Amino acid sequence: MKKSLQIGGAFVGLIVGAGFASGQEIMQYFTSFGLMGLIGGIIATVAFAFLGMTLAQLGSKLQTTSHKGVIYYIGGRYIGIVLDFLITFFLFGVAVVMFAGAGSTFDQMFGIDPMIGSIIMVVLTIATLLLNVKNIMNLIAIITPYLMVVIFVILIYSLFTMDISFSEANAIAKDQASAASNWFMGALLYVSYNLAAGAALLIVMGGTEKDRKVAGVGGILGGVMLGVLIILINLTMFVKMDVVAGVDMPTLELAKQIHPAVGVLMAIALLGMMYNTAVGMFYAFTVRFVAPDHKVFKPTIIVVGLVGFVASLVGFTTLVGKVYSTMGYLGFALIIAVVIAWIRKDKREVAS
């Protein structure tokens, strides 16, 4: 069970990056559809649990150390190339969004220039990868429970201090920018791009566990925890729609309202999550091209980090809307391939 929890916690920690924990993604994919966004959250929970289980089990079965083996296994020679390219592109795109998110957090919380905030995050990410940290998984898993506690505190406070009616909240919510055409598409796109980004590390995590059942339970636990966080953050922002409308970092705004100290705790949680995600994504991106023990690995990390920083200067909210929605549509190809691989596996097991 400990190993399953570790896989689940790392899965959550990797996906809950800047856009997720800040509330910006949840706002665009769920809350902006009003009350229907809550149903979207339930659909996303089921999808995350099923797909998390399948990917972790495939990683365990093939005992892989990179996402490449599993992707070619489920996609075949030709579709595999496309999926491999997409996932590799996503890894870089998400890390860039983390750098921009760090800039926004430092700006909103501490009044520090966003560019300086981004530079701090880039330097930390590059330094961590240069130190060749073997315990990235443990590091990522540790911050997950801390974030869940902070989010829960904010939710309880928000429910007890709600100043508007549900119908007013619903009206304001629907005025917010959405990243999809309707609530159902929002939920599917959200699962799709998160999976496209998280699949690589989830497969590698599954590969560290020989027992497929243990790996599968880890994937399910991660999916359920993600779903619960989505629903909690969605509800929190919905009841405080009059406060968070149009804010870059909605959950941070709510935390600051409770008490400046809670705001600082939330900012630390956010920065920790962004750091986790940036390190995980850049590691998975770089090892796709260069082995970690190769002599050019460290110079490659520095170059990739600097290119990522330049790309992050576009701005956080813009990046969340553009990068993620594009990734969502492309990520559907991965979901379809995973579902087909799962059906094929079932048929093979029945035949044998």
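Engineer: In this structure, what is going on with the nonpolar core? I would like to understand it.
Structural biologist: The tendency in soluble globular proteins is for nonpolar side chains to be buried as a group. Core analysis: the biggest nonpolar cluster contains 110 residues, and Val16, Phe20, Ile74, Leu147, Tyr190, Met266 and Leu334 have the highest contact counts within it. When residues of this core are assigned to their parent elements, the largest contribution, 18 residues, is made by helix H5 (residues 67-110). If we skip the residues at most four places from it in the chain, Ile74 touches Leu58, Leu334, Ala337, Val338, Ala341 and Arg344.

Engineer: Any chance you could explain the side chain of Ser4 here in plain terms?
Structural biologist: One can find Ser4 in helix H1 (residues 2-15). Its relative accessible area of 3% is what places Ser4 among the buried residues.

Engineer: For this particular structure, what's the right way to read a nonpolar patch on the surface?
Structural biologist: A cluster of nonpolar side chains, Phe110, Tyr146, Val264, Leu265 and Ile268, forms an exposed patch at the surface whose accessible area comes to about 400 Å². Of the residues forming the nonpolar patch, the biggest block, three residues, is contributed by helix H13 (residues 260-287). For Leu265, the position within the fold is in helix H13. Relative accessible area serves as the criterion here: at 40%, Leu265 is assigned to the partly exposed category.

Engineer: So what exactly am I meant to see when it comes to the pattern of salt bridges here?
Structural biologist: Close approach of charged atoms lets side chains of opposite charge pair. All chains considered together, the criterion is met by two salt bridges. Note that Asp84 and Arg288 form a salt bridge whose closest N and O atoms lie 2.5 Å from each other. Of the two residues, Asp84 sits in helix H5 while Arg288 sits in the loop between H13 and helix H14 (297-312), which places them 204 residues apart along the sequence. The residues Asp84 and Arg288 share a single accessibility class, namely buried. The partner of Glu253 in a salt bridge is Lys256, and the shortest N-O contact between them spans 4.0 Å. Here Lys256 and Glu253 lie together in helix H12 (residues 250-258), a separation of three residues that amounts to about one turn. For Glu253, a relative accessible area of 22% translates into the label partly exposed.

Engineer: How do you make sense of the packing of aromatic side chains when you look at a structure like this?
Structural biologist: The way to describe two aromatic rings as a pair is by their centre distance and the angle between their planes. Going through the model one piece at a time under the given rule, you end up with eleven aromatic pairs. Centre to centre, the rings of Phe30 and Tyr190 are 5.1 Å apart; their planes meet at 80 degrees, and the pair counts as edge-to-face. Of this pair, Phe30 sits in the loop between helix H3 (24-29) and helix H4 (36-62) while Tyr190 sits in helix H9 (residues 183-207), and the two are 160 residues apart along the sequence. You'll find Phe30 and Tyr190 in the same group, each marked buried. Taking the centre distance of 4.9 Å and the plane angle of 90 degrees together, the rings of Phe50 and Trp342 count as edge-to-face. Taken together, the residues span a long stretch of sequence, with Phe50 in helix H4 and Trp342 in helix H15 (residues 316-351) at a distance of 292 residues. Given the relative accessible area of 25%, Phe50 is considered partly exposed. For Trp342, a relative accessible area of 28% translates into the label partly exposed. Taken together, the ring pairs in this structure connect Phe92, Phe99, Phe282, Phe285 and Phe289 into an aromatic cluster. Over the ring of Phe289 we find Arg288; its NZ or CZ atom is 5.7 Å from the centre of that ring.

Rules used in this analysis
- Residues numbered from 1 in each chain as written.
- Predicted model: local features only at pLDDT ≥ 70, side-chain atom pairs only at ≥ 80, totals over all residues.
- Heavy atoms only, no water.
- Core = buried A, V, L, I, M, F, W, Y, C linked by side-chain atoms within 4.5 Å.
- Buried < 20%, exposed > 50% of the residue type's maximum accessible area, 1.4 Å probe, protein only.
- Helix = DSSP H or I, 4+ residues; strand = E, 2+ residues; numbered from the N terminus.
- Contact = heavy atoms within 4.5 Å.
- Patch = residues over 30% accessible without salt bridge, like charges linked within 9 Å, V, L, I, M, F, W, Y side chains within 5 Å.
- Areas by Shrake-Rupley, 256 points an atom, 1.4 Å probe, with all protein chains shown as cover.
- Salt bridge = Lys/Arg side-chain N within 4 Å of Asp/Glu carboxyl O.
- Phe/Tyr/Trp six-rings, centres within 6.5 Å; stacked < 30°, edge-to-face > 60°.
- Lys NZ or Arg CZ within 6 Å of the ring centre and 35° of its normal.

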